[in-house]
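# What the coordinates show
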Amino acid sequence: MMYEFAYVRPASLEDAVRALRMHSEAKPLAGGMSLLSAMKLRLAAPTHLVDLGRLDGLAGIAGNNQAITIGAMTRHADVAASPIVREAIPALAVLAGDIGDRQVRHRGTLGGSVANADPAACYPAAVLGLAGTIITDRRHIGSDDFFRGLYETALETDEIVAAVEFTRPARAGYMKFPHPASRFALVGVFVAEFGAGNVRVAVTGAGPRVFREARLEAALAKEFTPTVASAVAVSAEGLNSDRAASAEYRAHLVSVMAARAVAWALAPTSQS
Amino acid sequence: MKTAVSIIVNDRRCETEVPTTMLLVDFLREVAGSKGTVVGCDTGQCGCCTVHVDGDAVKSCTMLTAQADGASILTIEGLASADGMHPMQRAFHEHHALQCGYCTAGIVMNAVDIVTKHHELDERTIRRLIEGNLCRCTGYSNIVDAILEAAREAKRGA
Ligand SMILES: Cc1cc2nc3c(=O)[nH]c(=O)nc-3n(C[C@H](O)[C@H](O)[C@H](O)COP(=O)(O)OP(=O)(O)OC[C@H]3O[C@@H](n4cnc5c(N)ncnc54)[C@H](O)[C@@H]3O)c2cc1C
Ligand code: FES
Ligand code: FES
């Protein structure tokens, strides 16, 4: 059973921020896929839930030649099905369509996933790999500054993610080795090439937070091929070790997933 | 603490006050009386609690009743019509797609949503789309056969 809390449903982003500011133990509620689960286990006990569900301005997808912007409350299912995303960054649509299961994708949101910063979540890899910008109620935060640690971001406690802007790459791919039970990434790698010599590689699931892999980036900047990616030896230092996989195995999976992501980027299909 | 909600469950409007902590699955079972929706895991994994909220299959154990305020909900009790079982229920019956039956309501609700939204279904796709439903008895084969059959029937009828 969850601890008691007060439920508020503001009609504007300003009111939502005000509600968060008023109560220090208040939390925004998006789809609840992570937050309600944590509350049921009594791992989280907010005094107030500020439901963002009626802030229609926070949901939706828009694009231009340089970037696409996705509202924080846009559900995974809507990102996966969006013609704009599928045309501009097919890897992002496939990533969203492969999160959890379809019931989860009908409730889970981009903003919730990014704010939660689960070390094994998929979206953070796309945000970091695509040099995304997190747009909040008060500022823009670059993805290199946003993910700070285990479930830790640059967000202030009363700050709300309004949208995320993703830079349009020349090509990109995402591959995850799913945890056999949870479908989260045991290791997930997002690769993106933005024109010659500019490659970003973001790794999720392997460490305490999503991170960029410099050696893979340097190698792929010279030659963007799967063979080059598989030849990079990734260090196991600092990587997670648990029942599902050792740090050494995760390090190995990083180059394998990177190679598969590059192969996908070179010849995209509708499925991962 | 309480909150007021107005929710349509299987075409019947329910206006009442519920505790803020009340999960949708408990509202459906205890307030709306739809006991066909069950809890298998309570952690969002098993899909036994799947219902449709405004036309989308979701896990009702991981949603607050308050979040469903203003929504229209379809549960397993709302599927059959005066003419008898829903085609998906009939397909499950004919293909022996259940043993203990605990997972069945949730899988049938997800399957109905799948067949409504996907028109090209093969075995691989169906297995992927029912990843959010666990069945400890059947081994899934007959479930997949039943959904394939219902999908074919829906296509013939369309
Ligand atoms: C069975 C299952 C399988 C899953 N599999 C995967 C998977 O394979 N890959 C993956 O990436 N994820 C997976 N998830 C997680 C899923 O992607 C969720 O969408 C995600 O964790 C966030 O949930 P939510 O959007 O419902 O946010 P909530 O649970 O409502 O919120 C999560 C956190 O973010 C905060 N928050 C929410 N929105 C905002 C905002 N706009 N601004 C500031 N803070 C905010 C909340 O206060 C809370 O702390 C899975 C979840 C489940 C239940
Ligand atoms: S009871 Fe809801 S997913 Fe298991
Ligand atoms: S029939 Fe028993 S769990 Fe599926």
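Refer to the preceding data block for the structure.
Structure report, in brief. (Residues numbered from 1 in each chain as written. Chains lettered and ligands numbered in written order. Predicted model: local features only at pLDDT ≥ 70, side-chain atom pairs only at ≥ 80, totals over all residues. Heavy atoms only, no water.)

Another aspect to go through is the overall build of chain A. Helix and strand counts for chain A stand at 12 helices and 14 strands. Relative to the 2.2 N^0.38 estimate, which gives 19 Å for 272 residues, the radius of gyration of chain A is 18 Å and therefore close to what a compact globule would have. When the backbone C-alpha atoms are referred to their principal axes, chain A occupies close to 55 × 45 × 30 Å. Out of the 272 residues in chain A, the part that is buried amounts to 58%. (Helix = DSSP H or I, 4+ residues; strand = E, 2+ residues; numbered from the N terminus. Rg over C-alpha atoms; globule rule 2.2 N^0.38 Å. Buried < 20%, exposed > 50% of the residue type's maximum accessible area, 1.4 Å probe, protein only.)

Right, let's get into helix 1 (residues 13–22) of chain A. Residue and element names in this part refer to chain A. Among the residues making up helix 1, those that are buried are Leu13, Ala16, Val17, Ala19 and Leu20. The buried residues of helix 1 occupy an angular sector of 160 degrees when the element is viewed end-on, so they sit on one face. Facing away from the buried side of helix 1 by over 90 degrees, the exposed positions are Glu14, Arg21 and Met22. (Arc of directions from axis to C-beta.)

Taken residue by residue, the interface counts 33 residues in chain A and 31 residues in chain B. When the two sides are added together, the surface that chain A and chain B hide from each other amounts to roughly 2,700 Å², 47% of it contributed by carbon and sulfur. Contact with chain B buries surface across chain A, with Lys40(A), Arg102(A) and Gln103(A) losing the most and accounting together for 26% of the total. Counting across the chain A and chain B interface gives seven salt bridges. Across the pair Asp69(B) and Arg9(A) runs a salt bridge, and its minimum N-O distance is 2.6 Å. The tally of links from chain A across to chain B stands at 19 residue pairs in polar contact (both at pLDDT 80 or more). Broken down by element, the residue count for the side of chain A that touches chain B peaks at four residues, all from helix 6 (residues 102–105) of chain A. (Contact = heavy atoms within 4.5 Å. Buried area = accessible area lost by both parts, 1.4 Å probe. Salt bridge = Lys/Arg side-chain N within 4 Å of Asp/Glu carboxyl O. Polar contact = N/O pair within 3.5 Å; in protein donor to acceptor, adjacent residues only side chain to side chain.)

Bringing the environment of Asp56(A) into the picture now. Within the element layout of this structure, Asp56(A) appears in the loop between strand 3 (48–51) and strand 4 (61–63). Each C-alpha atom of the pair Asp56(A) and Ser12(A) lies 8.9 Å from the other, and the pair is 44 residues apart in sequence.

Turning next to the sheet that holds strand 2 (residues 12–19) of chain B. All names here are of chain B. In space, the five strands of this open sheet follow the order 2-1-5-3-4, with mixed pairing throughout. Lying at the two open borders of the sheet, with one neighbouring strand each, are strand 2 and strand 4 (56–59). Ignoring strand direction, the axes of neighbouring strands in this sheet form an average angle of 40 degrees. Across the face of the sheet, helix 3 (residues 104–117) comes into contact with strand 3 (50–53), strand 4 and strand 5 (72–74) while running at roughly 45 degrees to strand 3. (Pairing = 2+ DSSP bridges. Axes fitted to C-alpha atoms, helices over the stretch in contact; angles between N-to-C directions.)

Below, the discussion takes up the site of ligand 1. Near ligand 1 lie 32 residues; those nearest to it are Pro28(A), Ser34(A), Leu35(A), Thr109(A) and Cys122(A). More than one chain reaches ligand 1: its neighbouring residues belong to chains A and B. Measuring from an oxygen atom of ligand 1, one finds a backbone N or O atom of Gly31(A) at 3.1 Å. Side-chain polar atom of His76(A) to an oxygen atom of ligand 1: 2.8 Å apart, as the coordinates give it. For ligand 1, the protein covers 95% of the area, taking 980 Å² as the surface of the free molecule. Looking at the shell around ligand 1, the elements that each hand over two or more residues are strand 2 (26–29) and helix 7 (110–116) of chain A. Residue contributions to the shell around ligand 1 peak at five residues, all from helix 7 of chain A. Class assignment of the residues belonging to the shell around ligand 1 gives a composition of 15 nonpolar, 13 polar and four charged. (Near = heavy atom within 4 Å. Areas by Shrake-Rupley, 256 points an atom, 1.4 Å probe, with all protein chains shown as cover. Nonpolar A, V, L, I, M, F, W, Y, C, P; charged D, E, K, R; others polar.)

Bear in mind that shape data such as this cannot, by itself, settle questions of function.
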